[in-house]
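Spelled out, the chains give:
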Amino acid sequence: MTAELGLPDGIRACLFDLDGVITKTAAVHAAAWKRTFDAFLRERDGDAYRPFEDADYERYVDGRPRADGVRTFLASRDIRLPEGDPDDPPDRQTVRGLGNRKNALLLELIHTHGVEAYDGTIRYIESVRAAGLRTAVVSSSANCRDVLRSVHAERLFDVTIDGVVAARRNLPGKPRPDTFLAAARDLGVEARAAAVFEDALAGMEAGRAGRFGYVVGVDRVGQADALRAHGADIVVQDLAELGEHP
């Protein structure tokens, strides 16, 4: 059955990222990050500020836990902020404050526009489960469960490793492989028997670092070469394509 799913023999579990793989929320995250960082940079540097760009999102933020994304992007601009506390208000000039500002904007955008799932991914996960493979969602988002419920997809996963679980277990986020490895352990399989499905470069690096049996890059934004360079074994634009590959 794994061949019909476009997977190598020996794969017993599938580990799916949320944003950009299961749900159409990657663009919403990018918009929330841009509004957050542009406001911060404009306040700091005035009208001559250099805006947050798509390349910044892909290189420094996409797929990482929220605070890691703030730190990594600010470091790219040689900016240092105090760490702050997890409950810092969104207007506080700290790493945690900026992260909370982004999350507030994200929730506002989600509540305004709603969330959609990728139909090809949902059908693929249903086929995976029908074939007897186990499934997990692995996301840095603290809103993962709410988003899954909103698209009626929570039922499709045996295990959820999200930002809340990662914080509770002290798991470092992508590009480290720890969250994916935790999902595999919770499913009772070794990394070599699990496939990773990701759209972010940090997720590709996590899949490669964890030595998973197969790493599928999902190219929603035209970065197929970069996904391969960062660790993808195969790149597709939609998971519906996987059954078409030998």
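Relevant structure appears above.
Conventions and cut-offs
- Here the residue numbering is sequential within each chain, running from 1 through the sequence in written order.
- Local features in this predicted model are restricted to residues whose pLDDT is 70 or higher, and side-chain atom pairs enter the listing and the counts only when it is 80 or higher, whereas totals over whole chains, interfaces and linings include all residues.
- Excluding hydrogens and water, the side-chain figures rest on all heavy atoms present in the structure.
- Helix numbers and strand numbers start at the N terminus; a helix is a DSSP run of H or I with at least 4 residues, a strand a run of E with at least 2.
- Think of it in three bands: with a 1.4 Å probe and only protein chains considered, a residue is buried below 20% of the maximum accessible area for its type, exposed above 50%, and partly exposed in between.
- Seen with its strands pointing away from the viewer, a crossover is right-handed when the path leading from the first strand over the helix to the second is clockwise.
- Only strands joined by at least two bridges in the DSSP assignment are considered to pair.
- In the sections that follow, a salt bridge refers to a side-chain nitrogen of Lys or Arg positioned within 4 Å of a carboxyl oxygen of Asp or Glu.
- Two N or O atoms count as a polar contact when they lie within 3.5 Å, although within protein this holds only if one can serve as hydrogen donor and the other as acceptor, and sequence-adjacent residues are included solely when both atoms are side-chain atoms.
- Residue contacts follow a heavy-atom distance rule, with two residues in contact if any of their heavy atoms lie within 4.5 Å.

Q: Explain unusual backbone geometry residue by residue, including any values.
A: Residues Lys174 and Pro175 are joined by a peptide bond in cis, for which omega reads 15°. In this structure, Pro175 sits in the loop between α7 (163-169) and α8 (178-187).

Q: Account for the pairing of strand β5 (residues 214-218), naming residues and giving values.
A: Of all five residues making up β5, five are buried, and the element is well covered by its neighbours. Here β5 shows two buried faces, one formed by Tyr214, Val216 and Val218 and the other by Val215 and Gly217. Tracing the backbone out of strand β4 (residues 194-198), into helix α9 (residues 201-209) and back to the parallel element β5 gives a crossover that is right-handed. Sheet analysis places β5 next to strand β6 (residues 234-236), joined by three bridges and oriented parallel. By the bridge assignment, Gly217 is partnered in β6 with Val235. Viewed along the sheet, the connection from β5 through helix α10 (residues 224-229) into β6 turns out right-handed.

Q: An account of the pattern of salt bridges is requested, with residue identities and associated values reported.
A: Enumeration over the complete set of coordinates arrives at 23 salt bridges. Between Asp38 and Lys34 there is a salt bridge, with the nearest N and O atoms lying 2.7 Å from each other. Of this pair, Asp38 and Lys34 both sit in helix α1 (residues 26-45), four residues apart, which is roughly one turn of the helix. Look at Asp38 and you get buried, because its relative accessible area is 8%. The class for Lys34 is partly exposed, based on a relative accessible area of 35%. Taking the shortest distance from any N to any O, the salt bridge between Asp45 and Arg44 comes out at 3.0 Å. Residue classification places Asp45 among the partly exposed residues on the basis of a relative accessible area of 39%. By sharing partners, the salt bridges in this structure join Arg145, Asp146, Arg149, Glu154 and Asp162 into a single network.

Q: Can you break down the side chain of Lys174 residue by residue, with the values?
A: Mapped onto the elements, Lys174 comes out in the loop between α7 and α8. The exposure class of Lys174 is buried, given its relative accessible area of 3%. Within polar-contact distance, the side chain of Lys174 engages the side chain of Asp17 at 3.1 Å. A distance of 2.6 Å separates a polar atom in the side chain of Lys174 from a polar atom in the side chain of Glu198. Apart from the residues lying within four places of it in its own chain, the contact partners of Lys174 are Asp17, Gly63, Arg64, Pro65, Val138, Ser139, Thr179, Phe180, Glu198, Ala202, Gly203 and Ala206.

Honestly, it's all geometry; don't read function into it.
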